[in-house]
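Chains, contacts and geometry: an overview
Here's the letter readout for the chains.
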Amino acid sequence: MDRKHNQKVLLWIASAAIVIGQGTLVSASTNELGKAKYISSGSSSTLIEKNQTTGNDSYESSPSIVYSLEENTRSTNILYPSTLLFTESNSHPQLLGSSSTTIANSIIKTASTGNSTSKSTSANTSAKAKSSSTTTKTNKTLHTLSNLKSVKLTSKSVVKLTDLNVLTQEDGKTISYTLTYQNNDSKNLMLIDYWTKVKTKGGTLYSPSLITRDKDKKSVAAGSTLDVTYLVKVGKSVNVSDLLFQIVKWDFSKPNYESSLGHFNVPASYTLSTPVNKSKSIRLGDTPVKVKVTKLAVHPVNEYNYAEVTVDLHNVGYKMLENPTAKWVLRTAGGSNYPLIAETVSTEAAPFNIQPQENKTIKLLTTIPKAVKLTGAELVLVEEEGEAKTVLPLATLELPKASTTKIVATAPFKVREVDVDGQKLQTTLEGATVNQSYDKNDLSIRFHLKNTAKQTITVPKYEFVLLSGTGKSYPITTKALENVTLKPDEEKTIKLDISVSYAVAQGALKLQMNVPKDPEKKEPSFSYPAGVYILPRPSSLQNTLGSETTVKSDDGTYGVTWSSIQRLPWTDGDLLSAKLTVKNTSVKTLRLPELQGAFTVDSAKDITSTKLIKSQAASLLGPGQSIDLYLLTKVPTSLDIAQLQVSLEEKVGEESFEWLKLTNIGAIPDVPKIEKNKEFTLTTLGKKAEVKTRKTVVYPGTSTDLVYTELEVTNLENRQTELSQLSGYYQSSSGLYFKTNVKQIEYPAGPEDKSIVTMWAKIPKRVTVSDMRLIVGEGVTEDKLTSIKEEPTGYVNAASLEIAPEQLTALTKIEQVELYPYQIKTHTFDAYLSGGSSVAIEWYYTLTVDDAYDLPESEHKLVVEIADVTGRVFTKELVPATDLKLGTNQLLSWAIDDRVFEDRRGGTYQISIYDLFQGEKYKIAGQSMYYNPNRIPVDMPTNE
């Protein structure tokens, strides 16, 4: 008899022995190869030998490792085949392969005749069983629990083990398992009647607990199914295949008040990890979701690998999945756990939602030391359970072989696309500038963002790092991406500022843009690179007076020129003034951002006392139009300045961001010098004017001299405008400064109108005034240009004018006298003697005025002085156009009464005409004249 027939005979003998011994019908079935598959008795089936086929069919046809305990209600005197293989006392299922073959062999030996053929056949069978057991271990692993038999609850209703997950932690393993109750009865199935236990095959008992969200599940409606999930904590060395998941029914007629209905035992060949590209059905909250891992990418950066896991989520439920709280962990084959975070963090503005039947792909990332191997790594999905925050394992998924992707640095001015919630955001490094400070260099990097997607993007608060050529990292602090959203095709340019050493700034530099950490997350959070960009050689912004620097904003492009820097005298120190001209270089009208200014003197930044003055109130600039900005602060007169920086900062709400910084190293340039009779132009928009000196005279005094200057100001605007209110100082050649008083018109000047501005100061006689200069500029009051009648608190845009005081020589005739703008032509001037103590003065004149200039209210007076030969001097103060009337052949008369004129019948006197100003005067003209005796009576009265 051949080997195949021997096997059949032995199996039939074993079956017959059982039938004879127990009086129960036992049937045996064979596969197509003639090998025994099952021994069955009634409704119970026991696996004798697994199919040796290595294909999938062997798993689909494998019997469920579930044993009904209904047979326990039978007499214990009757031995059934099922109880041969499973006993309640041991709760240990026996596979007829290795150890179970011994039982079969014993039975066979009892029924055999003891011939050698039988022994040989039995030995062969045992060897084959061992071989079969070995082959089973190498079979393809099982990934599904669907083949496990259900346990009967009633004659119609059953319960199945449908999900099982394990999380290994330091203190043991947390196991979650889901039982699906299927109520096929016509009434509700009350879950209070049923419970579940977990114990090892060795008898150790564990008490599972319901997860929080399932504690209110009390019943299963007729004709429906219900999933209930339990948690149990077991020892770290306990394997799932060692556990029996029991189903019990409360039965108060039993000593322990329960009846065991059955149990589930997971085969050792079952793996908890779902294969790559295979979906795992889970519940996030109460929403059923299918999860599938599709990719594992590794980005090496320095000493770390950034692991990126791509996961597909499919909402198979009937309601929206809103911001699930589940957490992801990458677990290596060695058991190390690395928390993963989603590439885009959900916020109230951009929540993570999945609509019913919607698919969504997410990327999960973590950073792992390069020494850690990722072969055999798994993705674990967990959720915090209940108030105790117990970690509930939801799923374990195999990770595919990692693909290594090196992040290639993007060249300057080249576009790099980054992903934001599945939308494309273009990023470009547009340039860099450098300012040299005392002991460091200030780098400014222009970074451009553009939304090329079809939906609005909430830009993450990316974290930026400057990478040096030596591999060192320098974090960049910025608030430029706070609450930034971009509509489709909308763009934004931000500026990133950082201070580094001179050596670092001169080397090869890169900018790394990292996806941000989430400071509000309680679990570990990290940053990973979304892009690396090569910096071009930064252009220097030091000593750039007169050069234009480009500034890009969200709205357009500006050209900024540092036009001048001036250090000007003031009452309580020096004024530090910087003029910046901002030009709209775009093709559309732009609104100037709300800016504030700051000086940095050497290494000390002064932002609180720095004033920013705009040359015009309006902030709109048309294409090609410009506006002047003046930064003004005070510094001690004795302060030496080696380096000066000016910066403009854009104010956004309560925050401010540096818009531009420029540096001047070395001495501050001198104020521009204007030679005598040369003009200088005030270019302030809306107040353009041409200024030049008209004359300067010195009014000699007793202890001081009064220096007086008239400036001729021409309005260069094409309309009536309020001219700049001027302010200034006289400067001596020895470096002494004297603040001027200023008088100018208090009404708008017409186009091309000329006006006179008068400036004066009293100078001690010890100071040489012949080579003095006049520093004059546009007055400012606090943070704006000084308005009419206001008092300046400083001045800007100054120039140093050569004044060259005139050496005045009095005219020897009073025939033609000028007290600008008035001209007095004398027809006759007579002093009539009366024969008594009085003298009558009559002055016939013509008074004209030069109306070529708009004039401020005049404070000049004309003083007529008559000096008698006796030394007596008589003066008369006259105000032109008031005391002296405008017109031809006007007469002004007055009388002098003094005893020196008693009985005077003739003689001479000296007439002098003076310009009187602020209590000081200088002589315009004078001549000697005779008293007129024509009004003396012929007959003089006598005293008789």
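Everything that follows concerns the structure shown earlier in this document.
Residues numbered from 1 in each chain as written. Predicted model: local features only at pLDDT ≥ 70, side-chain atom pairs only at ≥ 80, totals over all residues. Heavy atoms only, no water.

**Thoughts on the pattern of salt bridges**
- This model, assessed by the stated rule, comprises 33 salt bridges.
- Across the pair K605 and E649 runs a salt bridge, and its minimum N-O distance is 2.7 Å. A residue pair is termed long-range when its members are at least 10 positions apart, and K605 in strand β43 (residues 604-606) and E649 in strand β47 (residues 643-652) qualify at 44 residues.
- Judged by relative accessible area, K605 falls into the partly exposed class, the value being 49%.
- Judged by its relative accessible area of 6%, E649 is buried.
- Between E782 and K611 there is a salt bridge, with its nearest N and O atoms 3.8 Å apart. Residue E782 is located in the loop between β57 (773-781) and β58 (784-785), and its partner K611 is located in strand β44 (residues 611-614); the two are separated by 171 residues in the primary sequence.
- In the salt-bridge network here, residues are joined through shared partners; they are D442, K495, D497, E658 and K661. (Salt bridge = Lys/Arg side-chain N within 4 Å of Asp/Glu carboxyl O. Helix = DSSP H or I, 4+ residues; strand = E, 2+ residues; numbered from the N terminus. Buried < 20%, exposed > 50% of the residue type's maximum accessible area, 1.4 Å probe, protein only.)

**Considering the nonpolar core**
- By size, the foremost hydrophobic cluster in this structure holds 40 residues, and its most contacted members are F447, Y462, F464 and L511.
- For this core, the elements supplying multiple residues, two or more each, are β27 (415-420), β28 (423-436), β29 (441-451), β31 (463-467), β34 (491-500), α6 (502-506), β35 (510-515) and β36 (528-534).
- Discounting residues that sit within four places of it in the chain, F447 has contacts with T427, T428, L429, F464, K492, T493, I494, L496, L511, M513 and Y533.
- Counting residues in hydrophobic clusters, the runner-up holds 38 residues, among them W760, L847, W894 and A925. (Core = buried A, V, L, I, M, F, W, Y, C linked by side-chain atoms within 4.5 Å. Contact = heavy atoms within 4.5 Å.)

**Some thoughts on the packing of aromatic side chains**
- This structure, assessed with the given rule, holds 22 aromatic pairs.
- Here the aromatic rings of F447 and F464 are separated by 5.3 Å at their centres, their planes lie at 70°, and the arrangement is edge-to-face. On the criterion of sequence distance, the pair formed by F447 in strand β29 and F464 in strand β31 is long-range, its members being 17 residues apart.
- Classification of F447 as buried rests on a relative accessible area of 0%.
- Judged by relative accessible area, F464 falls into the buried class, the value being 2%.
- Their ring planes at 65° and their centres at 5.4 Å tell us that Y558 and W659 sit as a pair that is edge-to-face. Here the residue Y558 occupies a position in strand β39 (residues 557-570), and W659 occupies one in strand β48 (residues 655-665), the gap between them amounting to 101 residues. A single burial state applies to Y558 and to W659, both of which are buried.
- Grouping aromatic residues by their ring pairs yields a cluster made of Y699, Y708, W760, F917 and Y922.
- In this structure, R694 packs its charged tip against the face of Y820, placed 3.6 Å from the ring centre. (Phe/Tyr/Trp six-rings, centres within 6.5 Å; stacked < 30°, edge-to-face > 60°. Lys NZ or Arg CZ within 6 Å of the ring centre and 35° of its normal.)

**Description of the pairing of β28**
- Of all 14 residues in β28, 11 are buried; the element is thus mostly enclosed.
- Bridge analysis of β27 against β28 gives six bridges, and the strand direction is antiparallel. Residue R416 lies in a different strand from β28, and its bridge partner there is T427.
- Taken together, β27 and the strand that follows it, β28, pair antiparallel across an intervening segment of two residues, in which D421 is found at a positive phi of about 55°.
- In this sheet, β29 lies alongside β28 in antiparallel orientation, the contact comprising 11 bridges. Paired with T433 across the bridge in β29 is S444.
- Pairing geometry for β28 and strand β37 (residues 539-540), over two bridges, is parallel. Across the sheet, the residue bridging to T433 is S539, located in β37. (Pairing = 2+ DSSP bridges.)

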